[in-house]
Amino acid sequence: MAEGKSVIGTQNKKGQTYTDPWYMLHEAPRTPSFFTGSEVIKEAIRRASCDVMIAYPITPQSEAAALIGELFAEGYVGDYFRGESEFAVMSECAGAAFGGARVFTTTAGPGTMRAMENFPMWAGARLPIQMIVTCRGINSPLSIQPDTLEISYLLNTGMLVWHAETAQDFFDWILKGYMVAEEPDVHLPLALCCDGFFVTHTKDVVHLTPADMCLPPYDPYRSPVPCMDMECPPVRMMRDPFVMKSNYISYATHASWQQEVWAAVERSRKHTIHWLNGLIDAENTDADILIVTSGTAVSQGREAIRLLEDEGVRCGLVKVKTLRPWPGDEIREATKHAKHIFVPEFNVTGWLAKEIRATIPNSDRVHAGPHVCGGMTMPPEIIVSEIKTALGMRAMSLAGRGS
Amino acid sequence: MSKERIKIAPEFFEIMPPEYQDLVQRATFGKEDRGWKDIGTTKELIEEHSLCAGCPESMAFRYILASLPNPEDTVMVGSTGCTSLVFPHVAVHNIHSLFGNQNAIASGLKRALTVRFPGRIKDVVVLAGDGATVDIGLDMTLQAWFRQEKFTTICFDNELYANTGGQESGLMQKGFVAKMAPVGKTFEKVRLPEIARESGCHYVVQCTVSKPSLVEKVVRNAVFVAREIGPTYLQLYTPCILEIGKNSMEGLQEMRDSEKPTERFAYREYVSDAAKQFLAELAAKEKEKKAAAKQLAAQEA
Ligand SMILES: Cc1ncc(C[n+]2csc(CCOP(=O)(O)OP(=O)(O)O)c2C)c(N)n1
Ligand code: SF4
C-alpha cells in the first residue's frame, strides 16, 4: 500500500469495495442466510482480502478448507495449496506471513498437535496469521468427535486464543480477528477455536455483511518487525533476532522478547474489547449461581438456565469469548456475588475451570464440571443435574430417564 | 535494482554504524556482474561469522553471497544448525524459523512475494545443513520439489549433525562411527542428488566449495533456473573439520581430496531439458551483450 493513501472506497479485482471495517461489521446491512459453520468460514474469507491460504485435510475442518479452495478458484484468495502435513502447512503459512501476506489456515485435533512447534514460533516471530481450530479429540483411541482438550495446549503458545460459540461469532470474529491481530502493537497470530461439528456442520441463521464489501488489504509495513521482502534496507537482517547459548546478554534478550510477546497479548485487550464489545458477555450476574464457560457449552448453559428457571432456580451466565487475552478482571467482577460457579466443559481435564479458579477469590466456589469428552454431547439436563446435586437438591437420575 | 533502497538519509549518515556506511558505499548491490572476484575489494554481504576457524561453511557462505545474481531482491531461508550462527551477519533478509521446515517456509514466502509483487523478480534461496535437508526436513524438501516451487535449495553437506556435536546424519557415509551411531552408520549415504532429479528439480549439482568460480557458476545457474523453470538443488561438501579431526588449515585439502573423480564428491550435474534450453538462451544473450559492449568500446576508442 502506498504510504498515506487509503484504499477505502476503491475496488479489488473481483469488484468488491474495500470498506471501512467498523462500518462493514457494525453498520452495513446484513442478510440472514442459512449456512453451516464451514460455509460461514468461506463467506468470512470471501470478505477478508486474504493473500494466502494453505490447507491440509482433517475432519471436521476439511470442508471449510476445501470451500476456501473454491474461493481461490473464483479469484478471491491470492494463492492456495494443499501442504504436506500440518507441521508443514503451519511453516508454509509462516513463510507467507514473513513475506508480508495476510494468511489464513484451518486445522483440528491431531493436526493442531502435529503443528504445535510452529505456534510459539509464529508468536515469537510476530506473524498475524489467523488459524481456525475446529476442535476434535486428540488422544487415543482415535476420535473425530468434538472435544476441546486441544485448546489447553494453545493457551501457552503466545497466540491470541478466542473461542466462538456460534457460526455468527465465527463470521464476525474471523474478520474482527484480523483487525486485532494486525494492530502494530499486537501483531500476533490468532487461534479462533470452535467446537467441531456442533458449529462446523450444523446449519444456523447467520447474518452476513454484503458480499461486495471486503476488508482493506493487510499492510505488512505496519508490522513492528521487518517484513522479509528486501523492500526495506538490508542491515544484516534476520527474523527474528537469533539467540544462542553464549552469554548472559543473549539469555536476557530471549527473556525480554518472550515477555514482549506476552505484553503484546495484553495489549490486544483494548482492541479486542473494542471489536468484540468486551472479552466476556454476562447475564444476571447478581444470581447466586453462575454458569461460566466458553464455546458451545455456553449454548448448553443457556438451555440449562431455562430448565432451572422452570424449577424456580435462578442462574446467571458468563460467556468467555477470549481465552488469550484472559479476561481475569471481567470474570472477577462478574462472579463477585456468585456463591456457586459451574464450568461445564467439552473436555476431560477442565482447563477452563482451572483458569477461573486461578483468577478469582474464594475459588472453592468453582465447581469444575460437568465434563463431557470424546465427542459426547452435553444435554442441558446434565448441567442441571450437576448444579442441583452440588446444591443438595434432588436431581433426576439421568440413567433412569424414560424407563 | 540499485543501491537506492539502502541509501541513508544524509542527516543520519554519520550516526550509522561504519559497517552499514560501508554497505551503502561499497557493497555490490545493483552490480550486474557481481561475483566471487569482488571478494576482498568490495564490501561483502557477510560481515563476520562465529563458525569454527577454517570451517569450510564460512568459505561457502562468502562465495554464495558474492554470487547471488540479485541480492537486493533475494530473501534467504535458513534452518537450525551451524549455518544459523552465520545468518545474523548476512546483509540480505533471511528467516530462521524452526529446524527442518526451511523448504516449507520458502514455499510460503515465495508464493507471498509472487502475490505481492506480480511481474517483479524476487529470488528465494534456502540454505541449510544435511540434517535439516535430508533428515528432519526431508518430507518438506521433497514436497517443495514435487510442487515445483520456484526456489533454490542449497544443502551444506558436512555428513553429520555438527551443531549438536557430531551425530549420525542421513548423508553420513556408511560405517562411520558417530555419536548415536556407536557401531558405525548402518546404511548408505542417502542419494539426494538422484532423488532431487527424480523429484522434479531442474538443475542439480553436487560438488565441494574448493573452487570459488565453480560455486559462482552453479549458484547463478541454480537461481536463474529456479526463477524461470522450477526447483533447483545444490549439494555442497563443507566438511566439519571439528568433527572429522582436522585443523583449521586442512578444510580445503579435505575438499580437494574428496572431489577426485573416484571420490564421493566428484562433480556431478543434472540439467533438465527445459533448463538446458533456458541456460543456452541465457548464455547466448550474455555472449551478445559482451560482443555489443566490445563493439561499443572499439567504436569509442
Ligand atoms: C525439532 C528439533 N529437534 C532437534 C533440534 C536440535 N538440533 C539443532 S541443530 C541440529 C543438527 C543440525 O545438523 P545439520 O542440519 O546437519 O546442520 P550442521 O549443524 O551440521 O551445519 C539439531 C539436531 C532442534 N533444534 N529442533
Ligand atoms: S562444528 Fe563443524 S560445521 Fe560447525 S562451525 Fe565448526 S567446523 Fe564448521
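Cut-off values and rules
- Position numbers for residues count from 1 along each chain, tracking the sequence in the order it is written.
- A letter from A marks each chain and a number from 1 marks each ligand, given out in the order of writing.
- The model is predicted, so local features are restricted to residues of pLDDT at least 70 and side-chain atom pairs to those at 80 or more, both for listing and for counting; the totals for chains, interfaces and linings are taken over all residues.
- Values shown for side chains rest on all heavy atoms present in the structure; no hydrogens or waters enter the calculation.
- Comment: elements are numbered from the N terminus, with helices defined as DSSP H or I runs of at least four residues and strands as E runs of at least two.
- The rule is simple: take the accessible area with a 1.4 Å probe, protein chains only, and divide by the maximum for that residue type; under 20% is buried, over 50% is exposed, in between is partly exposed.
- It only takes one pair of heavy atoms within 4.5 Å for two residues to be counted as in contact.
- Each accessible area is a Shrake-Rupley result for a 1.4 Å probe, and residues are judged covered by the shown protein chains and nothing else.
- For the charge count, each Lys or Arg is scored as positive and each Asp or Glu as negative, with His and the chain ends excluded.
- The atoms used to mark charge sites are NZ of Lys, CZ of Arg, CG of Asp and CD of Glu.
- Each pair of aromatic rings taken from Phe, Tyr and Trp, with Trp reduced to its six-membered ring, is defined by centres within 6.5 Å and is described as stacked if the planes are under 30 degrees apart, edge-to-face if over 60, and tilted in the remaining cases.
- In protein, a polar contact requires one atom able to donate a hydrogen and another able to accept it; more generally it is a pair of N or O atoms within 3.5 Å, and residues adjacent in sequence count only if both atoms are side-chain atoms.
- In this text, near means that some heavy atom of the residue lies within 4 Å of the molecule or strand in question.
- Each residue is assigned to one class: nonpolar for Ala, Val, Leu, Ile, Met, Phe, Trp, Tyr, Cys and Pro, charged for Asp, Glu, Lys and Arg, and polar for all the others, Gly among them.
- Buried surface area refers to the total accessible area, computed with a probe of radius 1.4 Å, that the two partners give up upon joining, counted for both partners together.
- Salt bridges are defined as contacts in which a side-chain nitrogen from Lys or Arg sits within 4 Å of a carboxyl oxygen from Asp or Glu.
- Each axis is a line fitted through C-alpha atoms, taken for helices only over the stretch in contact, and angles between the N-to-C directions span 0 to 180 degrees.
- An angle below 35 degrees is read as roughly parallel, one above 145 as roughly antiparallel, one from 65 to 115 as roughly perpendicular, and any other as oblique.
- Crossing handedness follows the turn of the near helix against the far one: under a right angle anticlockwise gives a left-handed crossing, and clockwise gives a right-handed one.
- For the purposes of this analysis, a disulfide is any pair of cysteine sulfur atoms at a distance within 2.5 Å.
- Here pLDDT means the predictor's own confidence in every residue, given as a number from 0 to 100.
- As used here, the term nonpolar core means buried Ala, Val, Leu, Ile, Met, Phe, Trp, Tyr and Cys residues forming a set that is joined through side-chain atoms within 4.5 Å.

(A) Spotlight on the overall build of chain A. Looking only at helices and strands, chain A has 13 helices and 17 strands in total. A principal-axis box enclosing the C-alpha atoms of chain A has dimensions of 70 × 55 × 40 Å. Within chain A, buried positions represent 59% of all 403 residues. A sequence separation of at least 24 residues applies to 79% of the contacts in chain A between residues at least 6 apart. When the accessible area of chain A is evaluated, it comes to approximately 15,400 Å², of which 53% is carbon and sulfur surface. Placing the 36 positive and 47 negative side-chain charges of chain A at their respective mean positions leaves the two points 2 Å apart.

(B) Quick peek at the packing of aromatic side chains. Residue and element names in this part refer to chain B. If you walk through the whole model with that rule in mind, you get 9 aromatic pairs over all chains. Relative to Tyr233, the ring of Trp145 has its centre 5.0 Å away and its plane inclined at 55 degrees; by these criteria the two rings are tilted. Placement of the pair is Trp145 in helix H5 (residues 138–146) and Tyr233 in strand E6 (residues 232–237), with a sequence separation of 88 residues. For Trp145, a relative accessible area of 0% translates into the label buried. By relative accessible area, which is 0% here, Tyr233 ends up buried. Centroid distance Tyr237 to Phe265: 4.1 Å. Interplanar angle 5 degrees. Geometry classified as stacked. Of this pair, Tyr237 sits in strand E6 while Phe265 sits in the loop between helix H8 (251–258) and strand E7 (268–271), and the two are 28 residues apart along the sequence.

(C) The arrangement of helix H2 (residues 37–46) of chain A in detail. Residue and element names in this part refer to chain A. Burial runs high along H2: 9 of the 10 residues are buried. Every buried residue of H2 is accounted for by Gly37, Ser38, Val40, Ile41, Lys42, Glu43, Ala44, Ile45 and Arg46. On its buried face, H2 sits against strand E2 (31–36), helix H3 (62–74), strand E5 (103–107), strand E6 (130–135), helix H8 (167–181) and strand E9 (203–208).

(D) The arrangement of the side chain of Lys321 of chain A in detail. Residue and element names in this part refer to chain A. Assignment of secondary structure puts Lys321 in the loop between strand E14 (315–320) and strand E15 (322–324). From its side chain, Lys321 meets the backbone oxygen of Gly278 in a polar contact 3.3 Å long. With residues up to four places along the chain from it excluded, the contact list for Lys321 reads Trp162, His163, Trp173, Leu276, Asn277, Gly278, Leu279, Ile280 and Asp281.

(E) Here's a closer look at unusual backbone geometry. Residues and elements named next belong to chain A. Residue Pro60 is reached from Thr59 by a cis peptide bond, and omega for that bond is 5 degrees. By the secondary structure assignment, Pro60 is in the loop between strand E3 (52–55) and H3. Ser140 connects to Pro141 through a cis peptide bond whose omega is 0 degrees. Here Pro141 shows up in the loop between E6 and helix H7 (149–154). Positive phi values are uncommon outside glycine, yet Met230 reaches one of about 60 degrees. In this structure, Met230 sits in the loop between strand E10 (213–214) and strand E11 (238–239). Of note, Asn277 is a non-glycine position whose phi angle comes to about 60 degrees, a positive value. Note that Asn277 resides in the loop between helix H9 (248–276) and strand E12 (280–283). Judged by relative accessible area, Asn277 falls into the exposed class, the value being 65%.

(F) Representation of the site of ligand 2 within the structure. The environment of ligand 2 is made up of Leu51, Cys52, Cys55, Cys82, Asn158, Ala162, Cys240, Ile241 and Leu242 of chain B. Partitioning the shell around ligand 2 into residue classes produces 8 nonpolar, 1 polar and no charged.

(G) Inspection of the interface of chain A and chain B at higher detail. Facing 42 residues of chain A, the contacting portion of chain B comprises 46 residues. Together, the buried faces of chain A and chain B total about 3,500 Å²; carbon and sulfur atoms form 64% of this surface. Linking chain A to chain B there are 6 salt bridges. The partner of Glu231 of chain A in a salt bridge is Arg120 of chain B, and the shortest N-O contact between them spans 2.4 Å. On inspection of chain A and its partner chain B, the count reaches 13 residue pairs in polar contact (both at pLDDT 80 or more). Taken together, the elements giving at least two residues each to the side of chain A that touches chain B come down to strand E4 (79–82), helix H4 (86–98), helix H6 (118–124) and E11 of chain A. Looking at the side of chain A that touches chain B residue by residue, the classes come out as 23 nonpolar, 8 polar and 11 charged.

(H) Inspection of the packing of helix H10 (residues 296–310) of chain A against helix H13 (residues 380–390) of chain A at higher detail. Residue and element names in this part refer to chain A. Viewed as axis vectors pointing N to C, H10 and H13 meet at an angle of 60 degrees, and their least axial separation amounts to 8 Å. One way to sum up the angle between H10 and H13 is to call them oblique. The interaxial crossing formed by H10 with H13 has right-handed handedness. Contacts between H10 and H13 involve Gln300, Gly301, Glu303, Ala304, Leu307 and Leu308 on the former and, on the latter, Pro380, Glu381, Ile383, Val384, Ile387 and Lys388. Of the residues contributing to the contact of H10 with H13, the split by class is 7 nonpolar, 2 polar and 3 charged.

(I) Examining the site of ligand 1 more closely. Near ligand 1 there are 17 residues, and of these Cys82, Gly131, Ala132, Asn158 and Ala162 of chain B occur at the shortest range. More than one chain approaches ligand 1, the contributing ones being chains A and B. Taking Leu160 of chain B, its main chain carries an N or O atom lying 3.1 Å from an oxygen atom of ligand 1. A total of 590 Å² of accessible area belongs to ligand 1 in isolation, and the protein chains cover 77% of it. Looking at the shell around ligand 1 residue by residue, the class counts come to 7 nonpolar, 7 polar and 3 charged.

(J) View of the state of the cysteines. Enumeration over the complete set of coordinates arrives at 0 disulfides over all chains. Cysteine Cys93 of chain A is unpaired, with the sulfur of Cys50 of chain A as its nearest cysteine sulfur at 10 Å. Residue classification places Cys93 of chain A among the buried positions, given a relative accessible area of 0%. Just so you know, Cys201 of chain B is unpaired, no disulfide at all, and the nearest cysteine sulfur is the one on Cys155 of chain B, 12 Å from it.

(K) Representation of the confidence of the model for chain B. Here chain B averages 95 in pLDDT, while 99% of its residues score no lower than 70. As scored by the predictor, the complex reaches a pTM of 0.95 and an ipTM of 0.94.

(L) Looking closely at the nonpolar core. Residues and elements named next belong to chain A. Trp122 and Leu154 are the most contacted members of the largest nonpolar core, which has 117 residues in total. Not counting residues within four places of it along the chain, the set of residues in contact with Leu154 comprises Thr112, Met116, Phe119, Met131, Val133, Met159, Val161, Ala191 and Cys193. Core analysis: the next-biggest nonpolar cluster, separate from the first, contains 48 residues, Tyr76, Ile132, Ala167 and Val206 among them.

(M) Here's a closer look at the side chain of Ser199 of chain B. Residue and element names in this part refer to chain B. Inspection of the secondary structure assignment puts Ser199 in the loop between helix H6 (192–198) and strand E5 (203–208). Looking at Ser199, the relative accessible area reads 7%, which means it is buried. Beyond its immediate stretch of four places on either side in the chain, Ser199 contacts Leu142, Trp145, Phe146 and Gln148.

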